[in-house]
Amino acid sequence: MHFCINKYGIILLLFLICGCKKVIDVHLENSETQIVITGDVDNRPGPYELKITKTIDFNSDNIFPPVSGAVVKITGNGVTDSLTETSPGVYSTHILQGKAGRTYKMFVSIEGKDYTASSTMPNPVHLDSIDFRSGRQDALYAVANFQDPEGVPNYYQFIEYTDGEKFRNGRGNSVFDDRLSDGRYINRILYNDSSDIKSGIILTVQMNCVDKEVYNYLSELSQISGGGEGFSSPTPANPTSNIKGGALGYFSAHTTNSRSVVIP
C-alpha cells in the first residue's frame, strides 16, 4: 500500500509535533567559588581600602560573601603597610601615601593561599570641565574635557555619581585610551545610563589615570558585564586580572581628580 502525503499534510504533521510541549528541567552545575580582590591606592591622602569577597553560585542571591581573617600588606615608597580589617572583608591602610610614578605591590594570604599584584601609578591628567551632549529621545550625556599628554600612552577610567551616589548597576563606569588621540584635546562623551542624569541634581565625574593592565581588566569587564560591577560564578570569559595566584578582581594604583556640576 502506498501513502501519499502532500505539502499540506506535512505542514499539519509538523504542527502536531510542535504542539506537543514538554517541560525540560535544565540543571545548572554550581562552580567552585573563587576569591575576588579589589584594591585601590591613589594620589589622595589615605587610608586606602582593599575588599575581599567570594564568588556566588548561579542560583544564589546577588550577595557576595565577605572574606575575613586575611593577612593583607601593601608596599610602596619604601614602607610596608599591614592593613587592618575595619569591617567584614574590608581592609584599610594606616601609613601608606600614594604618589605618581611609584610602584605599589599587594600581598594577600587567605586560607593557606597567597595572592600578589603590582601596579604603577601614572602621572595625573587634569580634568578641565564637564558639559553635556544631547542624544536620541532626549537622552543627556556628560562630556569630560581634558588635554591628553603628547607622546605618552594614557589610560582613563571614568566614574559618574549623582548627588554623591554611583550610577545604578554600575552603569556610570567607562574606560578610554589615547591610542588614536595622543596629544589632542579630548571631549569624551560618557555614553552611560542617561536615566540617572536629571535636571537640577549634582553630577560628579571622577577621572582616574590607570596603568595598562588595570585598563585591560576594566575594558574586558565592561564588555562582559555591560558595565555592571561584581561577580557571579566564574564564566568562560572572566576578565584578565593583574592578580597572581588565581583570584579574580584587580589591584590598581592610579591618580584621580573630579569635577561636579549641576545638571541643567
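Residues numbered from 1 in each chain as written. Predicted model: local features only at pLDDT ≥ 70, side-chain atom pairs only at ≥ 80, totals over all residues. Heavy atoms only, no water.

Novice: Just give me the short version of the overall build of the chain, but keep the residues and values in it.
Specialist: The number of helices and strands found in the chain is two helices and 16 strands. Sorting the 264 residues of the chain into buried and exposed places 40% on the buried side. The long-range fraction of contacts in the chain, counting pairs at least 24 apart against all pairs at least 6 apart in sequence, stands at 62%. Taken as a whole, the chain presents about 15500 Å² of accessible surface, with 52% of it coming from carbon and sulfur. (Helix = DSSP H or I, 4+ residues; strand = E, 2+ residues; numbered from the N terminus. Buried < 20%, exposed > 50% of the residue type's maximum accessible area, 1.4 Å probe, protein only. Contact = heavy atoms within 4.5 Å. Areas by Shrake-Rupley, 256 points an atom, 1.4 Å probe, with all protein chains shown as cover.)

Novice: Go over the side chain of Ser119 with me, naming the residues and quoting the values.
Specialist: With respect to the helices and strands, Ser119 occurs in strand E8 (residues 113–120). By relative accessible area, Ser119 is classed as buried at 1%. In terms of polar contacts, Ser119 uses its side chain to reach the backbone amide nitrogen of Ala253, at 2.9 Å. Discounting chain neighbours no more than four positions away, the residues touching Ser119 are Arg102, Thr103, Tyr104, Asp211, Val214, Phe251, Ser252 and Ala253. (Polar contact = N/O pair within 3.5 Å; in protein donor to acceptor, adjacent residues only side chain to side chain.)

Novice: Account for the nonpolar core, naming residues and giving values.
Specialist: Counting 24 residues, the largest nonpolar core has Ile37, Ile52 and Val108 as its most contacted members. If you list the elements that add at least two residues to this core, you get strand E1 (35–42), strand E2 (49–54), strand E3 (71–76), strand E7 (103–110), E8 and strand E16 (248–262). For this core, the element with the most residues is E7, which contributes four residues. (Core = buried A, V, L, I, M, F, W, Y, C linked by side-chain atoms within 4.5 Å.)

Novice: I'd like a description of the sheet that holds E8, backed by residues and values.
Specialist: An order of E4-E3-E7-E8 is seen for the four strands of this open sheet, with the pairing classed as antiparallel. With partners counted over all chains shown, the strands left at the sheet margins are strand E4 (79–82) and E8, one partner each. Sheet twist, expressed as the average angle between the axes of neighbouring strands with direction ignored, equals 15°. (Pairing = 2+ DSSP bridges. Axes fitted to C-alpha atoms, helices over the stretch in contact; angles between N-to-C directions.)

Novice: I'd love a proper account of the pattern of salt bridges, names of residues and values included.
Specialist: It is possible for side chains of opposite charge to pair when their charged atoms get near one another. Scanning all chains against the criterion turns up two salt bridges. Where Asp42 meets Arg44, a salt bridge forms, and the shortest distance between an N and an O atom there is 2.8 Å. With relative accessibility at 6%, the residue Asp42 sits in the buried group. Judged by relative accessible area, which is 40%, Arg44 ranks as partly exposed. (Salt bridge = Lys/Arg side-chain N within 4 Å of Asp/Glu carboxyl O.)

Novice: Give a description of the confidence of the model for the chain that names residues and reports values.
Specialist: Summing up the model confidence of the chain, the mean pLDDT is 82 and the portion of residues at 70 or higher is 77%. Confidence drops under a pLDDT of 50 for residues 227–236, and excluding neighbours within four residues, the segment shows 31 contacts in the predicted structure. (pLDDT = per-residue confidence, 0-100.)

Novice: Residue-level account of unusual backbone geometry, with values.
Specialist: Following Gly46, the chain continues into Pro47 via a peptide bond in cis, with omega recorded as 5°. Considering the arrangement of structural elements, one finds Pro47 in the loop between E1 and E2. At Asn77, a residue that is not glycine, the phi angle is positive and equals roughly 60°. Position of Asn77 among the secondary structure elements: in the loop between E3 and E4.

Novice: Let's hear about the sheet that holds strand E10 (residues 140–147): which residues, and what values?
Specialist: The three strands lie next to each other as E9-E10-E14, forming an open sheet whose pairing is antiparallel. Looking at the sheet topology across the chains shown, the edges are occupied by strand E9 (127–134) and strand E14 (185–190). Between one strand and the next, the sheet's axes are offset by a mean angle of 25°, whatever the strand orientation. As judged from the six bridges shared by E10 and E14, these two strands associate in the antiparallel manner. Bridging across to E14, Phe146 finds its partner in Ile186.

Novice: Requested: an account of the pairing of E8, with residues and values cited.
Specialist: Of the strand pairs in this sheet, E7 and E8 are connected by eight bridges, and their pairing is antiparallel. Within the sheet, the bridge partner assigned to Val108 lies in E8 and is Tyr115. If you look at the hairpin formed by E7 and E8, you'll find two residues sitting between the two strands, and Glu111 has a positive phi there, around 50°.

Novice: I'd like a rundown of the packing of aromatic side chains, residues and numbers included.
Specialist: All chains considered together, the criterion is met by seven aromatic pairs. Look at Phe146 and Tyr156: their rings are 4.8 Å apart centre to centre, the planes differ by 55°, and that puts the pair in the tilted class. Separated by 10 residues along the polypeptide, Phe146 in strand E10 and Tyr156 in strand E11 (residues 155–162) bring together distant segments of the chain. A single burial state applies to Phe146 and to Tyr156, both of which are buried. Both rings, one in Phe146 and one in Phe158, keep their centres 6.1 Å apart while their planes meet at 45°; by these two values the pair is tilted. In this pair, Phe146 sits in strand E10 while Phe158 sits in strand E11, placing the two residues 12 residues apart along the sequence. Judged by relative accessible area, which is 0%, Phe146 ranks as buried. According to the relative accessible area criterion, Phe158 is buried, its value standing at 0%. (Phe/Tyr/Trp six-rings, centres within 6.5 Å; stacked < 30°, edge-to-face > 60°.)

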